[in-house]
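# Topology and contacts: notes
Spelled out from the first residue to the last, the chains are:
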Amino acid sequence: MLKAVLSPIIILLFLIGSPGPGKVFKSNSNTQRQYIYCAPGASLTLDQLPRLRIPRLIYPDEISAFPRVVANDNSVPAGKLKKKVLELELEVVWSDFYPESDNRPGLRVITIREKGKAPTVPAPLIRVEAGTKIHAVLHNTLTDSSATFFGLQKRPSSIYDSVMLRPGETKEVSFESGNAGTYLYWVQLGAHGCIDEEQQLGGAFIIDPKGGSEPDRVFVVNVSGFFIDTSLYKNGYLEALTINGKSWPNTERITHSVGDTVLWRVINASNRTHPMHLHGFNFKELSIGSVLSDSLFKPGYEPSIVTQNMMARSTMSMKWLASRPGNWLFHCHLSFHVTPEIRLPGTVELDAPNQSPHMAGLVIGLNIKPGSSDLISKGPAREFNLYVNPILPGNSPRNGFSLSPEINPDTSALTTPGPLLLLKQYQPTYVTVTNRMQVPTSVHWHGLDLDSWADGVPDYSASDGKMSPSIQTGEKFTYKLTLMRPGTYIYHSHFNDVNQIASGLYGPIIVLREGQVYDPKTDHNYIVGWKNANISSLEDMVLNGRTVQPPQNARVGEIHHLRLINIQPAGDIKIRIQKDGVAIPIKSVAKDGTDFPLIQQAFLNESANFGVGETADFEFKPLKAGIYELQVILDNGFYSWTQKWIVTD
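Quick look at the structure, then. (Residues numbered from 1 in each chain as written. Predicted model: local features only at pLDDT ≥ 70, side-chain atom pairs only at ≥ 80, totals over all residues. Heavy atoms only, no water.)

### So, the overall build of the protein chain
Quick note on the threshold: Comment: elements are numbered from the N terminus, with helices defined as DSSP H or I runs of at least four residues and strands as E runs of at least two. Put simply, the radius of gyration uses C-alpha atoms, and a globule should come to 2.2 Å times the residue count raised to 0.38. Residue burial is assigned from relative accessible area. The probe radius is 1.4 Å, only protein chains are included, and a residue is buried under 20% of its type maximum, exposed over 50%, and partly exposed in between. Contacts are assigned to residue pairs with any non-hydrogen atoms lying within 4.5 Å of each other.
Within the protein chain, the regular secondary structure consists of two helices and 49 strands. Relative to the globule expectation of 26 Å for 649 residues, the C-alpha radius of gyration of the protein chain, 25 Å, shows essentially globular dimensions. Residues counted as buried form 59% of the 649 residues belonging to the protein chain. Long-range contacts, defined here as pairs at least 24 residues apart, represent 75% of the contacts in the protein chain between residues at least 6 apart.

Here it is in structure tokens:
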């Protein structure tokens, strides 16, 4: 049963990524295509580009009275340290922001700058040692809006201090930095911040322990978004989603060598949720925090994951080992935040022929220099075929994976998710993917440790002189899967992600440890997806490819393994079990393919929320006979699926 709590239209507004209290986010801003002025295969020069006269949209060759934004890589702290006091002067200013490159269209936005310097996105980095006193002079140069600073205060705290500046006003504030940790600060505009997303006005606030921190990098996610008249531009929304001030493919490329230990601080300065996913490696999550607090995990108890769902204005510190060479990605797994459709109008037209990227927005590229690999293979190799099939054509096409070429497309057949892939730890596995659709595709083996060339990011994943291709119509490619960790994983398209994943190109993977036996009677997958990229009703969202769940049988004392997988283009999920309206505890045992230590395997009445690209494992042991209800809940209880469990002695 699918239970609706709010209308589908209201639900849809939240699914793309909630902008937070008091804001409205327009759902179609991420789902409709941009205008294309030139014929396929052609490209324009900047002087040939037709100009749309839209408020906020700017062009780099036009004369401007405003300073240009400089992308802030967060390597140089703002201010000057004088007699153990950081002296800092910050201004709120209008500026010209080019998130792709200096020869692509951009946005006119309000930003923060150090006095006498260029404005930056993200806002200037504040970085001091614990206990440092900070004296900040704040100036609002705007003539028509107030600007309120948040986060310029001692940490930790549960209460915001704020400094509100009227148009043209200057104020000073002094405070002690407080405890070491990863934090942020931000500015809320008055009239300019009521509807639009002015979240380029946020930056990192890092407090190092006495004596300093290990070498690290700081990455800040910012969002700029503005409603416009659809008569000017049919999307009705202009937006820029950036990491350290740039949007893919113009984000910084990070280079490491095999054997490097990498420490990152990741800061979501926006009001949207971003499930941040690292390809090819699992990472240890050292801390999670917010504007005013940061919580360290105890040594030895840090979660080992591949995706962290970062909530609005949250922080994370993470550590990982660059243990094999190649090209990798770190990106938001919410499909609408990495699709080319979010690019500003005019950017596609300026691309070289056939060179438009298949991703955009919140993506960072990594290159691990050639070196040895940590991958291990044992025993005889396994080979099998996976077919990518068109199921239904049309404006909302349905596609699906199959293990056999003998598939008869049938509107009544269940084609999603794709077949469960049961794989064995350490067994070298070769999967030949054949594309039978009329468009290119690729397959990403989400969460697995493997060679970069088999990672499945088309025309990017590369190592050992090989590269994952865009698999063209009628062509095939063989991926090698190296299965280092037993657990729950996902395979899915990594080409035109929004449309292809929503069309049905996803499926579950279970990697069995050596000697482990899979029993479908007690091992259950719950994988959530969409049926098309433009959902308009509850029928467009499916659990295990269905809107109605078949009943499940169990016996008292029998342990059942529940595997929860979120591969929607957007939206969070959680799971719970009830009997007669009373919560029945389930045991949380793993996340992202990694078992928790026994001491951390807790019993929960309801799971945490899991974002796109996250998997989680639970155990359920019914102690009494009766009728139970397993519920998979979407987006904080807006609606849920219910499966009846019939438990007998």
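### Here we look at the packing of aromatic side chains
Here is the rule: When two rings of Phe, Tyr or Trp (its six-membered ring) have centres within 6.5 Å they constitute a pair, described as stacked for plane angles under 30 degrees, edge-to-face for angles over 60, and tilted for the intermediate range. In our convention, an over-ring charge means Lys NZ or Arg CZ found within 6 Å of a ring centre and within 35 degrees of that ring's normal.
Across all of its chains, the model carries 19 aromatic pairs by this definition. Measuring from centroid to centroid gives 6.2 Å for W453 and F477, while their planes differ by 85°, and the two rings are edge-to-face. Taken as a pair, W453 in the loop between β32 (443–446) and β33 (462–463) and F477 in strand β35 (residues 476–481) lie far apart in primary sequence, 24 residues in all. For the residue pair W453 and F477, the accessibility class agrees, reading buried in each case. An aromatic cluster is defined as three or more aromatic residues linked by ring pairs; in this entry it consists of F219, W264, F281, W320, W328 and F330. The cationic tip of R51 hangs over the ring face of Y59; the distance from NZ or CZ to the ring centre is 4.6 Å. Between the NZ or CZ atom of R313 and the centre of the ring of W186, over which it lies, the distance is 3.4 Å.

### Here we look at the nonpolar core
One broad trend across soluble globular proteins is that nonpolar side chains are buried collectively. Applied cut-off: Within this scheme, the nonpolar core is defined by two criteria: the residues are buried Ala, Val, Leu, Ile, Met, Phe, Trp, Tyr or Cys, and they are joined through side-chain atoms within 4.5 Å.
If you look at the biggest cluster of nonpolar residues, it comprises 68 residues, and the most contacted ones within it are W264, M318, W320, L562 and V632. Once residues within four sequence positions are removed from consideration, W320 is found in contact with D260, T261, V262, W264, L278, F281, N282, F283, L366 and I368. In this structure, L86, L90, F149 and Y185 belong to the second largest nonpolar core, which totals 29 residues.

### Side note on the pattern of salt bridges
Quick reminder of the rule: Take a side-chain nitrogen of Lys or Arg and a carboxyl oxygen of Asp or Glu: if they are within 4 Å of each other, that pair is a salt bridge.
Overall, the coordinates contain 33 salt bridges when judged by the stated rule. The partner of E62 in a salt bridge is R53, and the shortest N-O contact between them spans 3.1 Å. Under the relative-accessibility criterion, E62 is labelled partly exposed at 32%. Using a relative accessible area of 58% as the deciding quantity, one classes R53 as exposed. One salt-bridge network, in which partners are shared between bridges, spans R51, R53, D61 and E62.

### Here we look at the sheet that holds strand β29 (residues 398–402)
Rule in force here: Pairing between two strands requires that DSSP report at least two bridges joining them. Helix axes are fitted to C-alpha atoms over the stretch in contact, other axes to C-alpha atoms as well, and angles between N-to-C directions run from 0 to 180 degrees.
The strand order across the open sheet built from four strands is β29-β28-β31-β35, with neighbouring strands paired in mixed fashion. Unpaired on one side and paired on the other, β29 and β35 mark the two borders of the sheet. Pairs of neighbouring strands in the sheet enclose a mean axial angle of 25°, with direction left out of account. Note: strand β28 (residues 382–392) against strand β31 (residues 429–435), seven bridges, orientation parallel. Considered in β31, the bridge of V388 is made with N435.

### Some remarks on the sheet that holds strand β18 (residues 253–257)
With mixed pairing, the five strands of this open sheet are ordered in space as β18-β27-β26-β20-β24. For this open sheet the edge positions go to β18 and β24 (307–310), each flanked by a neighbour on one side alone. With strand direction ignored, the average angle separating the axes of adjacent strands in the sheet is 20°. By the bridge criterion, four bridges tie strand β20 (residues 274–278) to β24 in an arrangement that is antiparallel. Counted as the bridge partner of P275 is N309 from β24.

### So, the pairing of strand β26 (residues 326–332)
Among the seven residues that make up β26, seven are buried, leaving the element largely enclosed by the rest of the structure. Side chains G326, W328, F330 and C332 project from β26 onto one buried face, and the interleaved N327, L329 and H331 project onto a second face that is buried too. Summarising the sheet, β20 and β26 pair through three bridges and their orientation is antiparallel. Residue pairing in the sheet places L278 in a bridge with F330 of β26. Across six bridges, β26 lies against strand β27 (residues 363–369) in antiparallel orientation. Note on β27: the bridge partner recorded for N327 is N367.

### Quick word on the side chain of R398
To keep things clear, this is the line we draw: Charge counting follows a simple rule: Lys and Arg are positive, Asp and Glu are negative, and His as well as the terminal groups are ignored. Nitrogen and oxygen atoms within 3.5 Å of one another constitute a polar contact, given that in protein one can donate a hydrogen and the other can accept it, and given that sequence-neighbouring residues count only through two side-chain atoms.
Tracing the backbone through its elements, the reader meets R398 in strand β29. No salt bridge forms around the buried R398; measuring N to O, its nearest opposite-charge neighbour D540 is 8.3 Å away. One polar contact links R398 to T416, side chain to side chain, over a distance of 3.3 Å. A polar contact of 2.9 Å, which involves the side chain of R398, links it to the backbone oxygen of A502. In this structure, R398 is in contact with N389, P390, I391, L392, T416, A502, S503, G504, W530, K531 and N532, ignoring residues within four places of it in sequence.

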